[in-house]
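Report on the structure
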Amino acid sequence: MKAWLLAAVAGVALGGCTSVGTVEEPLSTTLSAQANAQAIEDQRVAGLLARMSVERKVAQLIQPQINSFTAEDMRIYRFGSFLNGGNGGPYGDEYAPASEWLKLADEMWDASTAPLPGDEPVIPTIWGTDAVHGHTNVVGATIFPHNIGLGATGDAELVRRIGAATAVEIETTGIDWNFSPTVAVARDDRWGRTYESYSEQPELAATLGAALVEGLQGRRSSGQFLGQGHVISTAKHFFGDGGTDQGVDQGDVNGDIDELKAIHAAPYPALIDAGVQSVMASFNSINGSKMHGNEPMLTGVLRGEMGFEGVVVGDWNGHGQIAGCTVTDCPQALLAGLDIYMVPDDWKGLMDSLVAQVRDGTVPMARLDEAVGRVLRMKLRAGLLDADARKPSQRSNGGAFDRLGSSEHRAVAREAVAKSQVLLKNDGVLPLESGRNILVAGRAADSIGQAAGGWTLTWQGGRELTNDYFPGATSIWSGLQQAAQASGGSATLSADGSYTDRPDVAVVVFGEEPYAEFSGDRKNLVLADEEGLSLLRKFESEGIATVAVFLSGRPMWMNRELNAADAFVASWLPGSEGAGVADVLFGKQPATGRLSFSWPVRCGGTPVNDAEGALFAVGYGRSLSDTSPLPPIDETCGFLADSGATEWFLNGRLARDIVARAGGADLPNLRGEANGILARGIDDQRQEDAREITFAPGATLSLTQASEGGGDYRIRYAIDRRPTAPVVLRVGETEIDITSQLALAEGKDWREMIVTEQCADAPRDSVAIFSQAALTIRIASITRQDLPDDTQCSF
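A short tour of the structure in this document, coming up. (Residues numbered from 1 in each chain as written. Predicted model: local features only at pLDDT ≥ 70, side-chain atom pairs only at ≥ 80, totals over all residues. Heavy atoms only, no water.)

1. Let's talk about the packing of helix 7 (residues 156-172) against helix 8 (residues 202-217)
Each pair of packed helices gets described by two things: the angle between the helix axes and the distance between those axes. Rules: Axes here mean lines fitted to C-alpha atoms, for a helix over just the part in contact, with angles spanning 0 to 180 degrees between N-to-C directions. What counts as a helix is a DSSP run of H or I of at least four residues, what counts as a strand is a run of E of at least two, and both are numbered from the N terminus. Crossings are sorted by hand: turned counterclockwise from the far helix by less than a right angle, the near helix makes the crossing left-handed, and turned clockwise it makes it right-handed. By the convention used here, residues are in contact when the closest approach between their heavy atoms is within 4.5 Å. Residues are grouped as follows: nonpolar covers Ala, Val, Leu, Ile, Met, Phe, Trp, Tyr, Cys and Pro; charged covers Asp, Glu, Lys and Arg; every other residue, Gly included, is treated as polar.
Running from amino to carboxyl end, helix 7 crosses helix 8 at an angle of 35°, the nearest separation of the two axes being 7 Å. By crossing handedness, the relation of helix 7 to helix 8 is classed as right-handed. Side by side, helix 7 and helix 8 meet where Ala 156, Val 159, Arg 160, Ile 162, Gly 163, Ala 164, Thr 166 and Ala 167 of the first sit next to Thr 207, Leu 208, Ala 211, Leu 212, Glu 214, Gly 215 and Leu 216 of the second. Within the contact of helix 7 with helix 8, the residues separate by chemical class into nine nonpolar, four polar and two charged.

Shown next as structure tokens:
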């Protein structure tokens with residue numbers, strides 16, 4: 001469809017009006033043109049639906065992930081769309097170069113557009129991706145600050161430019177659809193997705209979310225709406241994802257529905273007005289009803305009240321959480337208003353059940369046609385159904401890899417980093433003076449992966465992502481080093497804070513390890529890792545001025561660190577352009593960042609729900625010239641007495657001091673392949689929260705705790721096929737033959753293995769499994785806990 005027709009259609013179809021060209025037309029003329037455009041669109045969609053079989057229609061509603069199907073599957077089944085999961089990459093390589101992403105996009109396009117017999121129409125597939133802070137699944141892409149940092153900028157035009165840059169980088173790899181922006185209104189900072197939220201205030205989330213939509217898709221009034229340099233966007237997650245009780249991801253949101261809508265649904269009308277083409281349903285429940293099956297919300301509110309006419313897409317197997325549903329059998333979701341099922345792996349079973357349910361009348365043909373028609377309209381507006389539509393590599397930006405991580409895009413990211421820095425305290429040490437000798441301390445200072453956070457190359461991000469994975473990027477340390485040298489001074493990197501020559505000032509970079517979704521849920525707002533605090537207190541005792549640069553995906557209880565530091569900067573998760581931090585510390589750019597979330601004064605919960613209020617309110621942030629003293633802050637916190645979590649492996653994450661190895665090779669976060677061990681993420685209760693471990697004959701998997709631990713072991717596991725040769729569990733220096741126990745567990749779903757001092761002597765800070773023959777076992781969790789003395793070992 002031509003750009004002028006796209007603009008006109010978008011104006012009518014999504015609840016607004018738009019002008020075409022530069023000459024003002026009478027309203028009646030404009031409305032007539034829009035009506036004609038809508039009529040053309042309706043006619044084309046109806047014509048396609050009339051020629052499609054039930055099987056082809058159902059396929060338009062099925063969205064598998066790239067690791068679970070082949071191009072031949074696409075040619076046979078003709079999925080309407082597909083996605084790459086956070087840990088998915090072309091041909092099984094999540095670190096594949098951009099050229100491989102484009103190659104796969106072409107293969108899927110060719111397979112989906114191969115001729116069909118008879119008169120059945122050929123409908124191209126579309127590829128969706130989570131480019132939530134840049135096209136960050138792809139090595140070499142620009143990594144922008146996460147939304148919490150963009151919220152601190154308060155700059156809608158900057159966010160619009162970020163969206164435009166992201167769209168171009170997505171296009172270079174042949175992808176059509178971005179699952180962004182997230183417009184969650186996070187109201188409990190313990191939630192693991194807080195950093196995906198622009199603000200705890202819905203007004204700012206609406207403004208910045210709409211700006212990102214316009215950057216990704218183009219402005220509706222422009223002739224380039226969904227044209228060259230633009231991709232389809234998605235508003236997510238509808239609705240209530242940021243309001244769950246105690247910040248538990250995918251949990252319950254309870255309360256008066258109108259009050260909930262006033263906060264958590266409030267951003268969506270602005271994005272609908274901006275022309276967003278799709279909305280993603282949320283995992284959470286509203287007053288006990290899962291959103292994927294919540295017809296009053298998906299149909300009554302989103303479509304009836306808000307006028308949204310685009311596509312509603314599900315989240316990762318979210319339909320399987322509806323009461324009475326499984327991931328392969330869930331007509332309830334379609335009947336409630338879902339249009340596309342995101343079904344990563346079990347697509348065949350779901351397709352078969354939906355076809356049968358259409359044929360037996362469980363799903364009315366009218367509802368099927370309605371959902372498929374919405375998918376076709378989205379593709380029509382994106383130009384994918386035009387006669388001259390081309391495969392991804394033949395489009396204007398396809399294969400233009402010089403635009404991936406280009407200097408222009410990195411300059412935008414660096415500007416965003418500088419504008420997102422929030423100065424909470426400054427006793428006069430900032431801006432850093434020219435010619436000074438600066439010591440840069442902390443493990444995070446030279447870690448681009450930690451500065452980027454989750455949703456970076458992998459779903460969870462992680463410390464295993466060395467700087468070699470980020471070509472063209474700049475760590476915070478590198479940015480500070482360059483700035484110091486440019487000012488006539490010097491900078492030295494010392495992760496542990498040691499030095500030979502006494503520095504004039506120390507910059508301590510510290511904070512949260514990367515995480516995503518439920519893996520980041522917390523029970524309180526205490527930073528258990530006291531590396532930063534120890535460094536700040538060390539320098540304080542030595543009389544060396546300090547600047548604390550705190551990396552985090554949320555506000556946290558920092559009372560001790562604020563007291564110890566001479567200056568404190570909330571740096572959020574700045575991404576790939578660490579020089580933006582140095583721009584503010586050296587005064588090259590002003591400190592204009594302002595809190596979009598209130599900052600906690602207490603360690604237990606979140607300020608927006610705290611009757612005692614906040615230490616710093618929304619909107620707080622100092623200029624560099626504001627050196628007024630910050631009074632000492634109470635450092636009392638009951639959670640400081642906690643002994644710490646005993647989880648070795650839980651919710652798909654290894655604890656920070658646990659190392660997994662296959663033979664002598666590390667398996668970061670218990671994923672990967674080495675020395676006869678293959679560990680991959682699988683779903684238990686939630687997305688990739690468990691591991692499937694495949695042993696080659698003679699292979700050994702070990703987990704070791706670097707720090708001193710204690711407690712008995714509880715291992716939740718499952719095995720589908722009994723061992724064919726001995727399997728040995730080693731706990732410390734004790735070897736236990738568990739072959740017969742595993743045989744008894746065959747096919748019995750999840751079981752718990754308990755190992756106490758009765759069957760394993762101290763020291764016991766390591767666990768290993770050795771299998772003499774090939775073996776596959778699933779592990780959901782490994783925890784240590786002091787159990788009652790009479791607890792028996794069990795397997």
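Alright, that's what it looks like, and here's the rest.
2. Some thoughts on the sheet that holds strand 9 (residues 289-290)
Where we set the bar: Strands are treated as partners if at least two bridges between them are detected by DSSP.
Strand order across the open sheet formed by three strands is 6-8-9, with mixed pairing between neighbours. Looking at the sheet topology across the chains shown, the edges are occupied by strand 6 (252-253) and strand 9. For strand 6 and strand 8 (residues 285-286), the ladder comprises two bridges, and the chain directions are parallel. Its bridge partner being in strand 8, Val 253 is matched across the sheet by Ile 286.

3. Topic: the nonpolar core
Put simply, the test is: To define a nonpolar core, start from buried Ala, Val, Leu, Ile, Met, Phe, Trp, Tyr and Cys residues and group those joined through side-chain atoms within 4.5 Å. Remark: exposure states derive from per-residue accessible area (1.4 Å probe, protein chains only) relative to the maximum for the residue type, with buried under 20%, exposed over 50%, and partly exposed in between.
Counting 110 residues, the largest nonpolar core has Ile 62, Phe 238 and Phe 239 as its most contacted members. Look past the residues within four positions of Phe 238 in its chain and what remains in contact with it is Ala 265, Tyr 268, Val 279, Met 280, Ala 281, Ser 282, Met 291, Met 297, Leu 298, Val 301, Leu 302 and Met 306. Judged by nonpolar contacts, the second largest core, of 41 residues, contains Trp 455, Phe 568, Leu 630 and Ile 633.

4. Focus on the pattern of salt bridges
What counts is decided by this rule: In the sections that follow, a salt bridge refers to a side-chain nitrogen of Lys or Arg positioned within 4 Å of a carboxyl oxygen of Asp or Glu.
Counting across every chain of the model gives 50 salt bridges. The closest approach of N and O atoms between Lys 261 and Asp 258, which form a salt bridge, is 3.8 Å. A residue pair is termed a helical-turn pair when its members lie 3 or 4 positions apart in one helix, as Lys 261 and Asp 258 do in helix 9 (residues 257-265) at three residues. Taking relative accessible area as the criterion, Lys 261 reaches 16% and is therefore assigned buried. With a shortest N-O distance of 3.0 Å, Arg 367 and Glu 370 are connected by a salt bridge. You can see Arg 367 and its partner Glu 370 sitting in helix 14 (residues 365-381), three residues apart, about one turn around the helix. Here the salt bridges do not stand alone but share partners, grouping Arg 303, Asp 339, Arg 367, Glu 370 and Arg 374 into one network.

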